[in-house]
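# Geometric and topological summary
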Amino acid sequence: MAVQQKYRREEVSEVSCCLKYIIFSFNVLFWMFGLSVMAVGVWAWTEKNAFNNLSKLTHLALDPAFALILIGGITFIIGFTGCIGALRENTCLLGSYAVLLAVILVLELTAGVLTFVFKDSIKSQATEGLQTFIVHYREDPDQQNLIDWIQEDWLQCCGIKGPEDWDLNNYFNCSSQMVGSREACGVPFSCCKRKVNEIVENKQCGYDVRKEGFYAEKWTSLNLPTQMGERNIYERGCMRAAEEWVEDNFIGVLTTVMTVTILQTDDVGKRMDLIINEKGCLQSGEEWLERNMLFIATILGICFAQNLRADIFAQKGKWH
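Residues numbered from 1 in each chain as written. Predicted model: local features only at pLDDT ≥ 70, side-chain atom pairs only at ≥ 80, totals over all residues. Heavy atoms only, no water.

Moving on, we come to the overall build of the protein. The secondary structure content of the protein amounts to 10 helices and 0 strands. Reading the secondary structure of the protein in the N-to-C direction produces α-α-α-α-α-α-α-α-α-α. The buried share among the 320 residues of the protein stands at 33%. Relative to all contacts within the protein whose residues are 6 or more apart in sequence, the contacts with residues 24 or more apart total 68%. As presented, the protein carries roughly 20,500 Å² of accessible surface, and 62% of it is formed by carbon and sulfur atoms. (Helix = DSSP H or I, 4+ residues; strand = E, 2+ residues; numbered from the N terminus. Buried < 20%, exposed > 50% of the residue type's maximum accessible area, 1.4 Å probe, protein only. Contact = heavy atoms within 4.5 Å. Areas by Shrake-Rupley, 256 points an atom, 1.4 Å probe, with all protein chains shown as cover.)

Shown next, in the form of structure tokens:
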């Protein structure tokens, strides 16, 4: 009997040690990442001298530096509770870590539900935010870099509904050519489609692209067919591109959760043989993991933290 209890105590200790260092290793990276993001946000505010002149922060919610500080601060706190809680085997910090992850998970699901319920309102707010970015494009370097990243790298789009929305900006408005703006009737370089094997990015590729007859004149001067003069910019607006991105990525998490729930509560599996999927399970699994990595990591973090807390309580119970 004593030998069985000894082996059982060693088994629990090994499981606790394994979970402890898994949580610790993951959250050290998480902690450092949060600290780095927060430091970048503070540095950006320092560069803009925002701390000495808070009146410049007229659109705080749309300030990328503020978003970095907020996200970095939350990530830092979560990483701290998980890292120190696992290292010191502190059940209070581990409980806080699990609760924080659970809150984030609930907020993700709630945001998905609210996206369906208040779709028009959210779309209206997002449109106003993009309009603000366009109007102040040349005034705030952070907002300029953010919208360039959205248009060129993330969504590959141009404007809100299309390239013509850049008329909202004083520099790109077609009437600005009267005051000598070289960017008049054009779009930012981030609206341009990158050429294959392009090494040096052409920052002037968006000049005059919205000018009437620009491409016809250009291609005629080069003795090339006029139909080759199609605009080499993204014609799709960012609002539509964002809707498609949400449908392909964020909504997929909710769909997965709802599907799992249905399969657990209803005998749907009996009818699955009526449909044949051509895609292999390995490929489908890889694609699902890529789309839902954050969701899976949150669930695993909660489970690992709770299991480690349970093992710690079990170990403490044997001391008395």
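Here the focus is the state of the cysteines. All chains considered together, the criterion is met by 4 disulfides. The disulfide partner of Cys157 is Cys238, and the S-S distance across this bridge is 2.0 Å. Disulfide Cys157 to Cys238: torsion about the S-S bond roughly 85 degrees, handedness right-handed. With a gap of 81 residues between them, Cys157 in the loop between helix H5 (141-154) and helix H6 (214-221) and Cys238 in helix H7 (residues 238-248) connect regions that are remote in the sequence. Overall, Cys157 belongs to the buried group, its relative accessible area being 0%. A residue is classified by how much of its surface remains accessible, and Cys238, at 4% relative accessible area, is buried. Paired through a disulfide, Cys158 and Cys191 show a sulfur-sulfur distance of 2.2 Å. The sign of the 85 degrees torsion about the S-S bond sets the Cys158-Cys191 disulfide as right-handed. Remark: Cys191 occurs in the loop between H5 and H6 and Cys158 occurs in the loop between H5 and H6; sequence separation between them is 33 residues. A relative accessible area of 0% places Cys191 in the buried class. (Disulfide = S-S within 2.5 Å.)

Now for a nonpolar patch on the surface. On the surface, Val113, Leu114, Phe116, Val117, Phe118 and Ile122 cluster together to form a nonpolar patch covering roughly 570 Å² of accessible area. Ranked by residues supplied to the nonpolar patch, first place goes to helix H3 (residues 91-117) with 4 residues. Inspection of the secondary structure puts Phe116 in helix H3. (Patch = residues over 30% accessible without salt bridge, like charges linked within 9 Å, V, L, I, M, F, W, Y side chains within 5 Å. Salt bridge = Lys/Arg side-chain N within 4 Å of Asp/Glu carboxyl O.)

Before going further, it helps to examine the side chain of Thr81. Structurally, Thr81 can be placed in helix H2 (residues 64-87). A polar contact of 2.8 Å, which involves the side chain of Thr81, links it to the backbone oxygen of Ile78. In this structure Thr81 touches Leu93, Tyr97 and Leu100, once residues within four positions along its chain are discounted. (Polar contact = N/O pair within 3.5 Å; in protein donor to acceptor, adjacent residues only side chain to side chain.)

Within this numbering scheme, the UniProt entry marks residues 21-45, 65-87 and 94-118 as carrying the feature "transmembrane region" (unreviewed entry). Overall, residues 21-45 shows 100% helix and 0% strand. The separation of its end C-alpha atoms is 36 Å. (UniProt positions renumbered as here; feature names shortened; annotations may be inferred.)

The subject of this paragraph is the packing of H2 against H3. Interhelical geometry of H2 versus H3 gives an angle of 145 degrees and a closest axis separation of 8 Å. The way H2 lies across H3 gives a crossing that is left-handed. Mapping the contact onto sequence places Ile77, Ile78, Thr81, Gly82, Ile84, Gly85 and Ala86 in H2 and Leu93, Leu94, Tyr97, Leu100, Leu101 and Ile104 in H3. Considered class by class, the residues forming the contact of H2 with H3 number 10 nonpolar, 3 polar and no charged. (Axes fitted to C-alpha atoms, helices over the stretch in contact; angles between N-to-C directions. Left-handed = near helix turned anticlockwise from the far one by under 90°. Nonpolar A, V, L, I, M, F, W, Y, C, P; charged D, E, K, R; others polar.)

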